[in-house]
Amino acid sequence: MTAAVTIRIQEADFDIAQEISALTKGRTDIGAVVSFSGICRGSEGSETIAALTLEHYPEMAEAEIARHAETAMSRWPLTGLSVIHRVGRIVPGENIVLVLTASQHRQAAFQAAEFLMDYLKANAPFWKREESADGTSWVEARYHDDAAAARWTKS
Amino acid sequence: MKLKYFAWVRERVGKSEETVEPPASVRTVDDLIGWLAGRGEAYAHAFETPRVIRAAIDHAHVKPDTMIAGAREIAFFPPMTGG
């Protein structure tokens, strides 16, 4: 089984349909594609968010996502995987991240997509800065993101 | 060795990277954080709560007790908030 792996970090937006088509084109061994998109929210609690600016550690971000992709490939029978993470200024309603997982059957694709997102949130070197009416501030990490990543190491 | 700083660690230190030669007594990541914190007010502010600082050696996450010998690039940053 061969698997196509795409990892991109970019300022530009992405087109989900186009990315799915790139993953499945010419293949007859894919029975399921799961797509997760992370989108910039316009509010956090009672606070209105004007925009997010994403900073990253370029060399490490690529390496870290590649490590997680490899782990996902070794854990589930995937036939393809794409991770696209945007950086720079992103306004509410815009895409931030895309994870696509392809497999012969849906279960592996669902689980691998969730695993990848949990790991990316806790381990990939990206940081969000929030713009609101009160000025700008760094988004604080959430404990439950670490907990979500940790549950995949059990058993 | 080359040091890199990201997000609010970068802002507090006031630079995104630098090259340093810590003394031989600085052996672990934790030692390095302690040594950096003594380099002036900006560093003291950036590293005032060591337990929240995350570190990476040559692009891979490391724990505070990791030895720094042989490291080419060490990065310090707050917990990650991507995705």
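Procedures and definitions
- Residues numbered from 1 in each chain as written.
- Chains lettered and ligands numbered in written order.
- Predicted model: local features only at pLDDT ≥ 70, side-chain atom pairs only at ≥ 80, totals over all residues.
- Helix = DSSP H or I, 4+ residues; strand = E, 2+ residues; numbered from the N terminus.
- Rg over C-alpha atoms; globule rule 2.2 N^0.38 Å.
- Buried ≥ 20, exposed ≤ 12 C-beta atoms within 10 Å, placed from the backbone.
- Contact = placed C-beta atoms within 7 Å.
- Pairing = 2+ DSSP bridges.
- Nonpolar A, V, L, I, M, F, W, Y, C, P; charged D, E, K, R; others polar.
- Axes fitted to C-alpha atoms, helices over the stretch in contact; angles between N-to-C directions.
- Core = buried A, V, L, I, M, F, W, Y, C linked by C-beta atoms within 7 Å.
- Expected span 1.5 Å × (residues − 1).
- Parallel < 35°, antiparallel > 145°, perpendicular 65-115°, else oblique.
- Left-handed = near helix turned anticlockwise from the far one by under 90°.

Caption draft 1: Representation of the overall build of chain A in the model. Counting its secondary structure elements, chain A contains four helices and nine strands. When its helices and strands are written in sequence order, chain A yields β-α-β-β-β-α-β-β-β-α-β-β-α. For chain A, whose C-alpha radius of gyration is 16 Å, the value lies close to the compact-globule estimate of 15 Å for 155 residues. In terms of overall dimensions, chain A has a C-alpha envelope of 50 × 35 × 30 Å along the principal axes. Looking at chain A as a whole, 33% of its 155 residues qualify as buried. Sequence separation of 24 or more characterises 75% of the internal contacts of chain A that already satisfy a separation of 6 or more.

Caption draft 2: Expanded view of the pairing of strand 1 (residues 2-5) of chain B. All names here are of chain B. The pairing of strand 1 with strand 2 (residues 17-19) spans three bridges and is antiparallel. Note on strand 2: the bridge partner recorded for K4 is E17. Strand direction decides the pairing type here: strand 1 and strand 5 (residues 73-77), joined by four bridges, are parallel. Across the sheet, K4 pairs through a bridge with A75, a residue of strand 5.

Caption draft 3: Quick peek at the interface of chain B and chain A. Taken together, the 14 residues of chain B in the interface contact 22 residues of chain A. Breaking the side of chain B that touches chain A down by element, the ones donating at least two residues are helix 1 (7-13) and strand 5 of chain B. In the side of chain B that touches chain A, the residues fall into nine nonpolar, five polar and no charged.

Caption draft 4: Geometry of the sheet that holds strand 5 (residues 78-86) of chain A. Residue and element names in this part refer to chain A. Strand order in this open sheet of four strands is 1-5-7-2, and the pairing throughout is mixed. Taken across any chain shown, the strands that pair with only one partner, and hence form the sheet edges, are strand 1 (4-10) and strand 2 (32-39). Averaged over neighbouring strand pairs, the angle between their axes works out to 5° when direction is ignored. Two strands pair when backbone bridges link them, and strand 5 and strand 7 (residues 95-103) are joined in this way by seven bridges, in the antiparallel orientation. Looking at strand 7, one finds that S82 is bridged to L100. In the packing of helix 2 (residues 58-75) onto the sheet, contacts are made with strand 1 and strand 5, and the angle to strand 1 comes to roughly 155°. Along the sheet, helix 3 (residues 106-123) makes contact with strand 2, strand 5 and strand 7, crossing strand 7 at roughly 150°.

Caption draft 5: Looking closely at the nonpolar core. Ranked by size, the top nonpolar core spans 50 residues in total, and within it V99, A112 and L116 of chain A together with F6, V9 and A75 of chain B carry the most contacts. Residue contributions to this core peak at ten residues, all from helix 3 of chain A. The contact partners of V9 of chain B, leaving out residues within four places of it in the chain, are A46, I53, F76, F77 and P78 of chain B.

Caption draft 6: Region of interest: helix 2 of chain A. Taking 1.5 Å as the rise per residue, helix 2 of chain A with 18 residues should run 26 Å; its terminal C-alpha atoms sit 26 Å apart, in good agreement. Regarding helix 2 of chain A, the residues found buried are M60, A61, E64, I65, H68, A69 and A72 of chain A.

Caption draft 7: Main features of unusual backbone geometry. Residues and elements named next belong to chain B. Not every positive phi belongs to a glycine, and D58 is a case in point at roughly 45°. The class of D58 is partly exposed, set by 14 C-beta atoms lying within 10 Å. One non-glycine residue with positive phi stands out, namely H59, at about 75°. Looking at the element boundaries, H59 is found in the loop between strand 3 (54-57) and strand 4 (60-62).

Caption draft 8: Structural view of the packing of helix 2 of chain A against helix 3 of chain A. All names here are of chain A. Two numbers describe how helix 2 lies on helix 3: the axes approach to 10 Å, and their chain directions differ by 150°. Regarding the angle of helix 2 to helix 3, the classification is roughly antiparallel. Crossing handedness for the pair helix 2 and helix 3: right-handed. Between helix 2 and helix 3, the residues in contact are E64, I65, H68 and A72 and A112, F115, L116, Y119, L120 and N123, respectively.

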